[in-house]
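One-letter residues, chain by chain:
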Amino acid sequence: MSQSSRQRQRARSAWLFLAPMICTLLLVAGWPLLRTIWFSFTDASLTDLNAAEFIGWGNYLYKEDGEWYGLLADAVWWKSVWNTLTFTLISVSFELVLGMIVALALNVNFAGRGLVRAAVLIPWAIPTIVSAKMWSWMLHDQFGILNDMLMGVGLISAPLAWTADADLSMVAVIMVDVWKTTPFMALLMLAALQMLPKDCYEAAKVDGIHPVRVFFRVTLPLIMPAVLVAVVFRALDALRIFDLIYVLTSNSEDTMSMSVFARQQLVDFQDVGYGSAASTALFLVIALLTLAYLYLGRKYMRVGD
Amino acid sequence: MSQSVDVKQLLRKAAFYLLVAAIVVFSVFPFYYAILTSFKSGSELFVVDYWPTSVDWANYLSVFKGTAFGENILNSVMVSSAVVLVSLMLGLTAAFALARIDFRGRGLMLIAILSVSMFPQVAVLSGLFEVIRGLGLYNNLLGLVLAYLIFTLPFTVWVLTTFMKQMPKEVEEAAILDGASNLTIIFRVFLPMMWPALVTTGLLAFIAAWNEFLFALTFTLTDAQRTVPVAVALISGSSQHELPWGVIMAASVIVTVPLVALVLVFQRRIVSGLTAGAVKG
C-alpha cells in the first residue's frame, strides 16, 4: 500500500471514529439549539409544543397601538441583561485579582503547601447548589454568622438582610460566586506560574530589582496568555449563571440573570416562545464572545492546534 | 544593621503566613460552618457559635426519614456514572481521531467541540425538552444521562485529545508495523497507557454531572426521580417561615463529603486535568 493511500484511508477512518460523538452532539446540542431558535419565532406553549404557530419577530419586538412589545421592549429582561453584565464584570475582576494573589502565594515553596492547595480546592468541589444553601444560612438576616461577625468587629450596628435587600442581594451573589470560583482561577494561574523559567528570576534578584517590579515587568507578561484564557472561561461561565442566583435570591428581579429570566418564562410561565427568544438572545451574546475569543486565541495563543 | 534585616525578614514571613492562613480560613470556613450547624438542633440552631458545642445526629436521621433522599443519592450516582461511561467511550475514539490522525477539517472540528462546551444550557432547554419528551424520557433518569452529555462529552473529548497527543509516536508506529488495526491501537495500545488520563477526565465529568442543577430541575417531576442538588434545593419546612436549616446543612454535608474526599485524594490529577481542559487547550 502506498503512503498516500494509507493516509487517505486513515483520514476516512477518522470520520468513522468521530461519527458516534458527532451524532450524539447533534442530538443533544445541535438539533435542540435549532428548535429553540425556531420556537423563538412561534407562540409555543409548554402544554402543547406541537400547536406552535409561526409569529415572526413577535417575541422579540412588535408595535401595537403605538406601543412597543416583546423582549427588546421588556424592562424586566433589560434588567436581567444589566444584572448579568454587572455580575460578570465585577465577579470576574475580583476572581482575577484574588486568584492571582492565591496563585502567587501557592507558588512559594513553604511547609504545608500541599495541604493549603487541597483546602483551596474545596470550594470548587462543593456543588453550586450546596454552596448557595450554605451561604444563604451564613447570610441569614437574623441568625446568620456573617452579620454576627460584622457586628462583632463593629462594622455594622444592626443585622443586614443580605439576600432580601435590593441593594445588597447582588453583593451577596457576587460574594458567593467569588468564594466558589476563585480556586479555579488560582489553579489555572498557578499552572502557568510553575512553567516559568527560573533563571530570569535569579538574574533579577542578583540585580536587586524590587519584586513588585519583577512581577509587572516579567511574570505578568509571561503568564498573560494563561490569564486571558482563565478570564474568558470564567466570563463565559458567569454570563450563563443560573443555579446560584436561583437558589440564593430565587426569582427576585434585583439579581435575576438572563438564564433565570429565560427559564422563568419557559417553565414557570409556560411561555416557550418568549422564553426561547430570551434563550436565543443569551446564546447570541455568548456565541459572539466565543467567536471573538477563538479569533483572538488563534491569533495569539494558537488555540485548537 | 543585620538585626534590623532579620526583623524585617521575620515580619515579611509572618505576613506571608497570615495571608496563607487567611486563604485557608476563607476557603474552608463555609463548609466547616455547615458541618457545625448540621450537628445542632432545636433552639441551639439560632445561637451563633464558632466552635462545636454539641454533637446531635438528629438532622442526619431526619434527612432520610420519610423522604426520598436515599433514592436521590442513588439517582445521582447512577446518572453520573452512566454519563461518565458513555462520555469516555465516545470520547476515546473521537480523541484518537483528533489527536493522531491528520485529516481535513480537524481544526474546525476541535473548534466546534469547544464551542459546544460554551453553550449556555438554557439555550437548548426548550429544544432538549422536546427531544426528551419525544423519546419518552421525561421524568426518567435516562433523559438526564442524555442531557448531561451536552457538557461532559465536549469536555471529555477535549481533555482526552490533549492527553492522547502526548502519547509517544514510536509505540503507535510499532503497532502499525505489526499490522494492528486502529481499533486495536486504541484499545490495546493506548487504553492501557491512558488509565491516569481516563481517571482524571472521568472524575471531572463525574463531578460536573453530580453538580448539575438546571436540567435536573426541569426534566424531572417526582421526588423519586430527582438528583441530590435538586433534592437539597427543594428541602422545605412545614411552613413558609420555618426553614429547617439543620436538616438542609446535614443534607449538604452528605452530598459534599464524598466529593471533597475524592478531590483531596486526586488533587494532583485534578489540577492537571483542569489545566489540560483550559490552558493547554
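About the criteria used
- Residues numbered from 1 in each chain as written.
- Chains lettered and ligands numbered in written order.
- Predicted model: local features only at pLDDT ≥ 70, side-chain atom pairs only at ≥ 80, totals over all residues.
- Heavy atoms only, no water.
- UniProt positions renumbered as here; feature names shortened; annotations may be inferred.
- Helix = DSSP H or I, 4+ residues; strand = E, 2+ residues; numbered from the N terminus.
- Expected span 1.5 Å × (residues − 1).
- Buried < 20%, exposed > 50% of the residue type's maximum accessible area, 1.4 Å probe, protein only.
- Polar contact = N/O pair within 3.5 Å; in protein donor to acceptor, adjacent residues only side chain to side chain.
- Contact = heavy atoms within 4.5 Å.

- As annotated in an unreviewed UniProt entry, chain B carries the name ABC-type sugar transport system, permease component and is attributed to Hahella chejuensis.
- Of chain B, the UniProt comment under Subcellular location (unreviewed entry) reads exactly: "Cell membrane".
- Reading the Sequence similarities (unreviewed entry) entry of the UniProt record for chain B gives the comment "Belongs to the binding-protein-dependent transport system permease family. MalFG subfamily."

- If you check an unreviewed UniProt entry, chain A appears there as ABC-type sugar transport system, permease components from Hahella chejuensis.
- In its Sequence similarities (unreviewed entry) section, the UniProt entry covering chain A states "Belongs to the binding-protein-dependent transport system permease family."
- What UniProt records for chain A under Subcellular location (unreviewed entry) is the sentence "Cell membrane".

### Concerning helix α8 (residues 182-193) of chain B
Phase 1 of the analysis: Here α8(B) spans 16 Å end to end across 12 residues, near enough to the 16 Å set by a 1.5 Å rise per residue.
Phase 2 of the analysis: Of the residues making up α8(B), those classed as buried are B:N182, B:I185, B:I186, B:V189, B:F190 and B:L191.

### Examining the UniProt feature "transmembrane region" (unreviewed entry) in chain B
Phase 1 of the analysis: Within this structure's numbering, the places UniProt gives as "transmembrane region" (unreviewed entry) are residues 14-35, 73-96, 108-129, 141-164, 185-210 and 243-266 of chain B.
Phase 2 of the analysis: For residues 243-266 of chain B, the end-to-end C-alpha separation is 36 Å, with 88% helix and 0% strand making up the annotated structure.

### Quick look at the UniProt feature "transmembrane region" (unreviewed entry) in chain A
Residues and elements named next belong to chain A.
Phase 1 of the analysis: The UniProt record marks residues 12-34, 85-108, 168-193, 214-236 and 274-296 with the feature "transmembrane region" (unreviewed entry), using the residue numbering of this structure.
Phase 2 of the analysis: Annotation note: span residues 85-108, helix share 96%, strand share 0%, distance between end C-alpha atoms 35 Å.
Phase 3 of the analysis: Annotated as residues 168-193, this span is 96% helix and 0% strand, and its ends, taken at the C-alpha atoms, are 36 Å apart.

### Observations concerning the side chain of A:T255
All names here are of chain A.
Phase 1 of the analysis: For T255, the location among the structural elements is in the loop between α9 (243-248) and α10 (258-268).
Phase 2 of the analysis: A polar atom in the side chain of T255 sits 2.6 Å from the side chain of T249.
Phase 3 of the analysis: Ignoring any residue separated from it by four or fewer positions in sequence, one finds T255 in contact with N83, S169, M170, V173, I245 and T249.

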